[in-house]
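Observations on the model geometry
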Amino acid sequence: MTDRAVTEPAFFILAALVDAPRHGYGIVGEVDRLSEGRVRLKVGTLYGVLDRLVAEGLVEPDREEIAQGRLRRYYRLTDAGGQSLAADARRQAANARVAAERLRSWRPAGASRPAGAARPAGAR
Amino acid sequence: MSDRAPVSQLERRYRAVLRVLPAAYRAAWEEDMVATFLASVHTDDPEAADFAADYGRPGWTEVASVLALAVRLRVPGLRARLGGPGAPPSGLLVGGTIRLVVLIAVLANAADALARFVSQLWVAGRVPWLPGLPAELVQAPPGLWQQLSVPAGVGWIAAYVALLLGYWRAAQVVAALAVLPEAARLLANTADLLSGASPYLLTNWFFLLLNPAVVLGMAAFHRDTPVPRRRPWLLAFAAGALLVWGVGYLSVLARDRTGLVDWPGLTSVVLVVAAGIHLASRRTRRDPRRAVALAFLAVVVFVARVMSLLDYALFAAPFQHLPLLALGGAEAVAVLAVGLPLVVLAARQVRLPAPTPAER
């Protein structure tokens, strides 16, 4: 389980639950913040992923509260969920390292010309 | 329950969208999803909140996310019902029966197509070892719609071979393409009818609706489905093609102008023989899928036969009426005579224990 890559929404949902249990809307807001607005979860997407994470034992219900006449169910990360997230974070970090190392020796097409060749005429 | 929040129109609309989800899933997650959705559209402006509560609707992206979830949740259930992985015993029976019916239907279309090719070669004089076509029966060169039956026929033969090789999705795609020329031909026939010609319209429409159902039924072939035993099915294909071609050939040599040999009649006879063998054999009677498949096919063949009789009554020339209706009526009665015991047997057998997973 911990070796398998998780999807981006699942990755951020697990990450959103690391510091504290959260309810559905709390997870949506935290994922939005952690991803700097890149991952905006729709409700159908959130519960599709949550359902799977609960079934796989990576997330579990924490407690239920009634707020403004509505049920509010909180979810928390399990130990297996923490390990899965850590494994995926290591995998992504390793991927990023490989790409960064390769990029160090890469020059864009325009940058491979001799020094000065790309200099604008007016800059002499 | 008195502290429960009042239900707004927006909530009602969102709950209506959630109805596409399976009931068991809703029982576990609906309240939570509604609470999260309403929190996500909440605003501190009381006027805007009132307006949203009365006139707001879930955005299309929200609806799309729920629909995508419904598809993801329902597809494994549909596969299980068709005998896929994790299927309950009833699913194995339904899946096995659908696959058998589909295989027989594709076999019938493929055998018919092969027989047509041989007939066309014969009409074109390319089969020198057979007596030639009687001069008075030589017709005009085939029209566009007859020519279209060639690619359709190739499609059915290819679909049958793909099924015997285990290429389920390829078979489905090719069969779907084979349905298109038939649809075009039928539309042309419908135009002919409106212009006063006498095509057999009801029967054609019936088969046109049936063939897409065969294509859809191929969804019952999944990755765990064992490949059919090739030898008996290939023999059945050869025998079927020989039967269709042979009967057509003999009717031409006998100068049958009434058109006594037709497709519904031929399928009626084959079904009656197959049902008779099934009902008489103790060994084959043990498999409920065969009984259910034959009972289902009996209903289809019976309806096709009745449709064709209506066609004859409406469109055939007066001299054809009596022989066609008499022979077709007798065939319909024969199908009914074997179909009723088959339906009773099938109903009895579906109550018995289903086949073991090894028999899927």
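Here the structure is a predicted model, which means the values were calculated and not measured.

**Let's talk about the overall build of chain A**
- In terms of helices and strands, chain A carries 4 helices and 3 strands.
- What you see in chain A, going N to C, is helices and strands ordered as α-β-α-α-β-β-α.
- Among the 124 residues that make up chain A, the fraction classed as buried is 28%.
- Taking the contacts inside chain A whose residues are at least 6 apart along the sequence as the reference set, 50% of them involve residues at least 24 apart.

**With respect to the overall build of chain B**
- Along chain B, the regular secondary structure elements total 13 helices and 0 strands.
- For chain B, the succession of helices and strands along the chain, N to C, is α-α-α-α-α-α-α-α-α-α-α-α-α.
- Across the 360 residues that make up chain B, the buried fraction comes to 32%.
- In chain B, the proportion of contacts linking residues at least 24 apart, taken out of those at least 6 apart, comes to 72%.

**Focus on the sheet that holds strand E3 (residues 70-77) of chain A**
Residue and element names in this part refer to chain A.
- On the basis of which strands lie adjacent, the open sheet formed by 3 strands has the order E1-E3-E2 and antiparallel pairing. The sheet terminates laterally at strand E1 (22-23) and strand E2 (59-67), the two strands that pair on one side only.
- In terms of strand pairing, E1 meets E3 through 2 bridges, oriented antiparallel. Paired with Arg 22 across the bridge in E3 is Tyr 75.

**Points about the packing of helix H2 (residues 24-34) of chain A against helix H2 (residues 23-40) of chain B**
- Close contact between H2(A) and H2(B) brings their axes to 8 Å; oriented N to C, the two are set at 50°. Classified by the angle between their axes, H2(A) and H2(B) sit oblique to one another. Of the residues in H2(B), those touching H2(A) at A:Gly24, A:Tyr25 and A:Val28 are B:Asp32, B:Ala35, B:Thr36, B:Ala39 and B:Ser40.
- Here the residues of the contact of H2(A) with H2(B) are counted per class, giving 4 nonpolar, 3 polar and 1 charged.

**Some points on the nonpolar core**
- If you look at the biggest cluster of nonpolar residues, it comprises 59 residues, and the most contacted ones within it are B:Val106, B:Ala110, B:Trp156, B:Ala159, B:Tyr160, B:Ala175 and B:Ala298.
- Looking at this core, the elements that each hand over two or more residues are helix H5 (89-123), helix H6 (144-165), helix H7 (168-194), helix H8 (201-217), helix H9 (230-253), helix H10 (263-280), helix H12 (288-315) and helix H13 (318-349) of chain B.
- Element by element, the count of residues in this core is highest for H5(B), at 17 residues.
- Setting aside residues no more than four positions away along its own chain, B:Ala110 makes contact with B:Trp156, B:Ile157, B:Tyr160 and B:Phe237.
- If you look at the next biggest cluster of nonpolar residues, it comprises 37 residues, including A:Leu14, A:Val31, B:Leu10 and B:Leu21.

**Details of the interface of chain A and chain B**
- Across the contact, 17 residues belong to chain A and 19 residues belong to chain B.
- Counting only elements with at least two residues in the side of chain A that touches chain B, the list comes to H2, helix H3 (43-55) and E3 of chain A.
- Tallying contributions element by element places H3(A) first for the side of chain A that touches chain B, with 7 residues.
- Classifying every residue of the side of chain A that touches chain B by side-chain character gives 6 nonpolar, 6 polar and 5 charged.

**What to know about unusual backbone geometry**
Residue and element names in this part refer to chain A.
- Positive phi outside glycine occurs at Glu 36, with the angle close to 55°.
- Tracing the sequence through the fold places Glu 36 in the loop between H2 and H3.
- For Glu 36, a count of 7 C-beta atoms within 10 Å gives the class exposed.

**Examining H3(A)**
Residues and elements named next belong to chain A.
- For H3, with 13 residues, the first-to-last C-alpha span of 18 Å sits near the 18 Å given by 1.5 Å per residue.
- All buried positions along H3 are accounted for by Val 43, Gly 44, Thr 45, Leu 46, Tyr 47, Gly 48, Val 49, Leu 50 and Leu 53.
- Phi turns positive, to about 75°, at Gly 57, one or two residues after H3.

**Some thoughts on the confidence of the model for chain A**
All names here are of chain A.
- On average, residues of chain A score 83 in pLDDT, and 84% of them reach the 70 mark or higher.
- The least confident element of chain A, judged by mean pLDDT, is E2 at 87; the most confident is E1 at 94.
- In the model, residues 114-124 has pLDDT below 50 throughout and makes 2 contacts with residues more than four positions away in sequence or in other chains.

**Regarding the pairing of E2(A)**
All names here are of chain A.
- Relative to E3, E2 is paired through 8 bridges, and the arrangement is antiparallel. Following the sheet pairing, Glu 60 is matched in E3 by Arg 76.
- Hairpin connection, E2 to E3: the antiparallel pair is bridged by 2 residues, and Gln 68 has positive phi, about 50°.

**Section: the environment of B:Val270**
All names here are of chain B.
- Relative to the assigned elements, Val 270 resides in helix H10.
- With 19 C-beta atoms packed within 10 Å, Val 270 lands in the partly exposed category.
- Separated by 27 residues in sequence, Val 270 and Leu 243 place their C-alpha atoms 9.8 Å apart.

**Brief notes about the confidence of the model for chain B**
Residue and element names in this part refer to chain B.
- On average, residues of chain B score 80 in pLDDT, and 80% of them reach the 70 mark or higher.
- Taking the mean pLDDT of every element in chain B, the minimum, 65, falls on helix H11 (residues 282-285) and the maximum, 91, on helix H1 (residues 9-18).
- For residues 354-360, every residue scores under 50 in pLDDT, and the model assigns this stretch 13 contacts once sequence neighbours within four places are set aside.
- The ipTM assigned to the predicted complex is 0.79, against a pTM of 0.56.

**Digging into the packing of H10(B) against H12(B)**
Residues and elements named next belong to chain B.
- Their axes nearest at 9 Å, the elements H10 and H12 cross at an angle of 155°. One element, H10, and the other, H12, form an angle in the roughly antiparallel class. Judged by the sense of rotation from one axis to the other, the crossing of H10 with H12 is left-handed. Residues Pro 264, Thr 267, Ser 268, Leu 271, Ala 274, Ala 275 and His 278 of H10 form the contact with H12, whose participating residues are Arg 290, Leu 294, Leu 297, Ala 298, Val 301, Ala 304, Arg 305 and Ser 308.
- When the residues that make up the contact of H10 with H12 are grouped by side-chain class, the tally is 9 nonpolar, 4 polar and 2 charged.

**Digging into the environment of B:Gly217**
All names here are of chain B.
- On the secondary structure map, Gly 217 appears in helix H8.
- Here the alpha-carbon distance between Gly 217 and Ile 98, two residues 119 residues apart in the chain, equals 6.4 Å.
- Not counting the four nearest positions on each side in its chain, Gly 217 is found in contact with Ile 98, Val 101 and Val 102.

Basis of the calculations
- Residues numbered from 1 in each chain as written.
- Chains lettered and ligands numbered in written order.
- Predicted model: local features only at pLDDT ≥ 70, side-chain atom pairs only at ≥ 80, totals over all residues.
- Helix = DSSP H or I, 4+ residues; strand = E, 2+ residues; numbered from the N terminus.
- Buried ≥ 20, exposed ≤ 12 C-beta atoms within 10 Å, placed from the backbone.
- Contact = placed C-beta atoms within 7 Å.
- Pairing = 2+ DSSP bridges.
- Axes fitted to C-alpha atoms, helices over the stretch in contact; angles between N-to-C directions.
- Parallel < 35°, antiparallel > 145°, perpendicular 65-115°, else oblique.
- Nonpolar A, V, L, I, M, F, W, Y, C, P; charged D, E, K, R; others polar.
- Core = buried A, V, L, I, M, F, W, Y, C linked by C-beta atoms within 7 Å.
- Expected span 1.5 Å × (residues − 1).
- pLDDT = per-residue confidence, 0-100.
- Left-handed = near helix turned anticlockwise from the far one by under 90°.

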